[in-house]
Amino acid sequence: MNASRIALVTGANQGLGRALAEGLAARMGPDDLVLLTGRSHQRVSDAAREVAQLPGTRGHVQGRVLDVTDTDAVARLADELRARHGGVDVVLSNAIARLLPEESQAERADEFIDVSNTATHAILRSFGPVLRPGGRLIVVASSLGTLGHLNPRLQHLFDGASLDQVEYAVESWRAAIHNRTAEEAGWPRWLNVPSKVAQVAAVRAVAAERREHDLSGGTLVASVCPGMVDTATSRPWFSDFSQAQSPSEAARAVLDLVFTEDVDPALYGELIRFGKALPWHDGTPPMEQDRLLRP
């Protein structure tokens, strides 16, 4: 097996993803490789070149075009990394579709769900099996991903669910949006809430199957909440950014998880914020979040 470490960051053209790629390239060694991915060839190429030229960069940086909504493309990249390098050591799944408050949530649902959820399922299915012992597979989510943010009528769909069951629940939610029955069924109007719950549930499902083996080998599978980050994606939603972190600041806690030698069993499979696991059943139904949406 190739001794160098291989890291992959999705949604790495800008914002938090770009900061994560920069941090990996700075903390990894000269024989290590950081794959910075996104959908636009030009943006990926520009970002990879710029990160590679930063004064603190130590590892090799390459740009790779990857549409995370293309499950076949995700699987091909995982197979390629297994064939060439024997697997991958770090996977940071960070892709998200930007959504504005004035846009119709229903009209943007397919794209948002594909980027946030279909892609998460594909990353977990394809890269989980090629993750080397001692590796890190981390999905960037949100504190909105705890189960209590959903209507109690819907919580059973994700609590203790398998990955197949999470995927089925997501597609049922998508169908309800198209059929205009989502609100009647209890789904919040703000797409970000069920999307994040589903992301965290998907990670929990995969982690439950791998837990014993992963912990014995020092491997971490988890989701993370980076806290409020001042980015183009989040800025339209909030008026007060006085407590927001820059992308570089927010990346530090995530990168600390990547480079911590010992895996805390209490964090394995959980939604982690600033080094602590958030209780899965916490949260309140998202009426306040829905009020962020304009009529």
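Preceding this section is the structure that the text describes.
Rules and cut-offs
- Residues numbered from 1 in each chain as written.
- Predicted model: local features only at pLDDT ≥ 70, side-chain atom pairs only at ≥ 80, totals over all residues.
- Heavy atoms only, no water.
- Helix = DSSP H or I, 4+ residues; strand = E, 2+ residues; numbered from the N terminus.
- Phe/Tyr/Trp six-rings, centres within 6.5 Å; stacked < 30°, edge-to-face > 60°.
- Buried < 20%, exposed > 50% of the residue type's maximum accessible area, 1.4 Å probe, protein only.
- Pairing = 2+ DSSP bridges.
- Right-handed = clockwise from strand over helix to strand, strands pointing away.

1. Here's the deal with the environment of His-156
(1) Moving on: Looking at the secondary structure, you find His-156 in the loop between strand 5 (131–140) and helix 5 (163–178).
(2) Moving on: Expressed as a C-alpha distance, the spacing of His-156 and Ala-169, which sit 13 residues apart in the sequence, is 10.0 Å.

2. Comments concerning the packing of aromatic side chains
(1) Moving on: What the rule picks out here adds up to two aromatic pairs.
(2) Moving on: Centre to centre, the rings of Phe-158 and Trp-187 are 6.3 Å apart; their planes meet at 80°, and the pair counts as edge-to-face. Of the two residues, Phe-158 is situated in the loop between strand 5 and helix 5 and Trp-187 in the loop between helix 6 (182–185) and helix 7 (192–216); the sequence distance between them amounts to 29 residues. Both residues of the pair, Phe-158 and Trp-187, belong to the buried class.
(3) Moving on: Here the aromatic residues Phe-158, Trp-173 and Trp-187 are joined through ring pairs into a cluster of three or more.

3. Brief notes about the pairing of strand 1 (residues 6–9)
(1) Moving on: Here strand 1 shows two buried faces, one formed by Ile-6 and Leu-8 and the other by Ala-7 and Val-9.
(2) Moving on: Note that strand 1 and strand 2 (residues 33–38) share four bridges and pair parallel. Residue Ile-6 lies in a different strand from strand 2, and its bridge partner there is Leu-33.
(3) Moving on: For the handedness criterion, the β-α-β arrangement of strand 1, helix 1 (residues 15–27) and strand 2 is classed as right-handed.
(4) Moving on: Pairing of strand 1 with strand 4 (residues 88–93) involves three bridges; the strand directions are parallel. Looking at strand 4, one finds that Ala-7 is bridged to Val-90.

These figures capture arrangement, not role.
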